[in-house]
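A closer look at the structure
What follows is each chain in one-letter form.
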Amino acid sequence: MTNQIKIAVVGVGRWGVHLLRNFLENPQVAVAAVVDPNSERLATVQRQYFFSKTTEKSILLTTEWQKIKQITDLDAVVIATPASTHYSLITDALNWGYHVLAEKPLTLNLKECHELCQLAQKRQRQLMVDHTYLFHPAVERGQVVVQEGELGDLRYGYACRTHLGPVRQDVDALWDLAIHDIAIFNTWLGQQPVSVQASGRVWLQGGQGEHGGHGRISPLSSPSGLADLVWVTLTYPNGFQAYIHLCWLNPDKQRRLVVVGSRGSLIFDEMSAASPLTLLHGELEMQANHFIPVNQSQQVLQVEKNEPLKRVCDRFVDCIHNNTPCMVSSGWIGTQLVNILAALTESLNQNGKLVALSTNHY
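The numbering scheme is per chain: residues are counted from 1 as the chain's sequence reads. At least 70 in pLDDT is required for a residue's local features to be given in this predicted model, at least 80 for side-chain atom pairs to be given and counted, and no such filter applies to totals for whole chains, interfaces and linings, which use all residues. As a rule here, side-chain values come from all non-hydrogen atoms in the structure, and water together with hydrogens is ignored.

**Some details on the packing of aromatic side chains**
- Stacked, tilted and edge-to-face are the three classes applied to pairs of Phe, Tyr and Trp rings, where Trp contributes its six-membered ring and a pair requires centres within 6.5 Å; stacked means planes under 30 degrees apart, edge-to-face means over 60, and tilted covers the rest. Taken as a whole and judged by the stated rule, the model has 6 aromatic pairs.
- Ring centres of Phe23 and Phe316 lie 6.4 Å apart, and the angle between their planes is 75°; on these two criteria the pair is classed as edge-to-face. Of this pair, Phe23 sits in helix H1 (residues 16–25) while Phe316 sits in helix H8 (residues 308–322); the two residues are 293 residues apart in sequence, bridging distant segments of the chain.
- A 1.4 Å probe rolled over the protein chains alone gives each residue an accessible area, and that area as a share of the maximum for its type sets the label: buried under 20%, exposed over 50%, partly exposed in between. By relative accessible area, Phe23 is classed as buried at 0%.
- On the basis of relative accessibility, which here comes to 0%, the residue Phe316 falls in the buried class.
- Where Trp96 meets Tyr98, the ring centres are 6.3 Å apart and the plane angle is 80°; that geometry is what we call edge-to-face.
- According to the relative accessible area criterion, Trp96 is partly exposed, its value standing at 25%. Each helix is a run of H or I in the DSSP string that is no shorter than four residues. Each strand is a run of E no shorter than two, and both are numbered from the N terminus.

**Section: the sheet that holds strand S1 (residues 5–10)**
- For two strands to be treated as a pair, DSSP must find no fewer than two bridges joining them. Read from one edge to the other, the open sheet built from 6 strands follows the order S3-S2-S1-S4-S5-S6, with strand pairing classed as parallel. The open sheet is flanked by strand S3 (60–62) and strand S6 (127–130), the only strands paired with a single partner. Strand-to-strand twist in this sheet, taken as the mean axis angle between neighbours without regard to direction, amounts to 20°.
- Direction of pairing for S1 relative to strand S2 (residues 29–35): parallel, over a ladder of 6 bridges. Within S2, the residue paired with Ala8 across the bridge is Ala33. For every element, the axis is a line fit to its C-alpha atoms; helices are fit only across the contacting stretch, and the angle between N-to-C directions ranges from 0 to 180 degrees.

**So, the pattern of salt bridges**
- Each reported salt bridge corresponds to a side-chain nitrogen of Lys or Arg within 4 Å of a carboxyl oxygen of Asp or Glu. Applying the stated criterion across every chain yields a total of 11 salt bridges.
- Glu115 is the salt-bridge partner of Lys111, the closest N and O atoms lying 2.5 Å from each other. Here the residue Lys111 and the residue Glu115 both occupy positions in helix H5 (residues 110–123), the gap between them amounting to 4 residues, near one helical turn.
- Judged by relative accessible area, Lys111 falls into the exposed class, the value being 58%.
- Two residues, Glu140 and Arg311, come together in a salt bridge whose shortest N-O distance is 2.9 Å. Linking Glu140 in helix H6 (residues 137–147) with Arg311 in helix H8, this pair joins segments that are 171 residues apart in sequence.
- Of the residues examined, Arg311 reaches a relative accessible area of 18% and is grouped as buried.

**Considering the pairing of strand S13 (residues 249–261)**
- Bridge analysis of strand S7 (residues 154–164) against S13 gives 9 bridges, and the strand direction is antiparallel. Each residue of the ladder has a partner; that of Ala159, found in S13, is Leu257.
- Where S13 and strand S14 (residues 264–269) come together, 6 bridges link them in antiparallel fashion. Bridge assignment links Leu257 to a residue of S14, and that residue is Phe268.
- From the end of S13 to the start of S14, which pair antiparallel, there are 2 residues.

Structure below.
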C-alpha cells in the first residue's frame, strides 16, 4: 500500500508486543523498526511474527534507540517502555520530528508532562497517550448513558481493580492501576476532580531498612515503600465522589466500575465478556412510612465487539494523517491524569490528607 505511515515500536515487553501486533496488522502502517534493550525479547518477536529474510532486511531490529534515526522517512514512534524512561525518549522523538504514541502514564512528573505537550505543539507533532480503556466500546456507550441522564441525579461511584500480580518494582499500585478508573470516571462525568484522598498499605516492598532494603524503591513511593493496597477517593465539582479499591496481591480478580444515580446504577464489568455493561433500574419510594424498592429492572446494554487497543492504534494513525490531536487521549489529557496521580501520592504520603487539585487548565 502506498503512503503507509512508517512506525518504530520501542519496547516489546508485556504490553508492547500487543501494540506491535496491531500495527503489523494495520494496512496503513509499515513497521520500520522494533527497539528493545533486551536482545532475547527481540529474538522472541522475530520468531513470533515469522519475519522472513526479506522482512528482516526491511525491519530494523535493534537494542539501540539512536539507530532509528537511520531510517529514511520515519513518521512516528510507539513507546511502550517503563514510565521512568518516557521523558527522555519522547523528548528525543519529538525533537527528531516524529509523532509519538506513549504507554500510560505519560511520565511520572507533572512538569515533564507539560514540557512534552508544549514541545509537541512547538514541533507540530502529535503526542498521544495509550489510555486504552477510553477506547473500550463499553466505556464509550457508558459515557452516553451517564451524560444523557438515564441514571437520574448522580450520587456516587466506586471501582475495584484487584488481581494477584503483576507486581511492579518501579511504581506502586496507585500509579500502576488507578489511572484506568480515574480516566473512566472523568470521561463519564465530563469533569475533573477538585480534591483527592488516598491511603494504603505496604507488605511486599518496604522502604530502606525493611525486609533487607530493596534499592529499587521509586521516588513516588511512600516512606514505607511501594503500596500494594490503595484506597482512593475522588471528589468532583458537583459533589459527586468516587471510591477506588486497588490491590495487586488479591487473588479475587476484579475489573469493575459503577456509577450510582437516583434512578439506577450503571455497571462496567470487564470480567463479564458477554455483558460488560449493565444498567440496573431501581429507586426507593415512601409507602406507609417505609422506603420500598420500585421500578426495578435489569438491561444488558449491547456494545460493539472491537479490541480497544486496535482502536487506539487506528486513532493514532488518523491523528498522524490529519495532524490533529486526539481529543480522547491527547498528551494534555495524559497530563491531567498525572496531575491527579501526583496529588493522590501526596495524600498517600501524608496518611490520607485531603489534597486540593491545581486549577490549571490543560
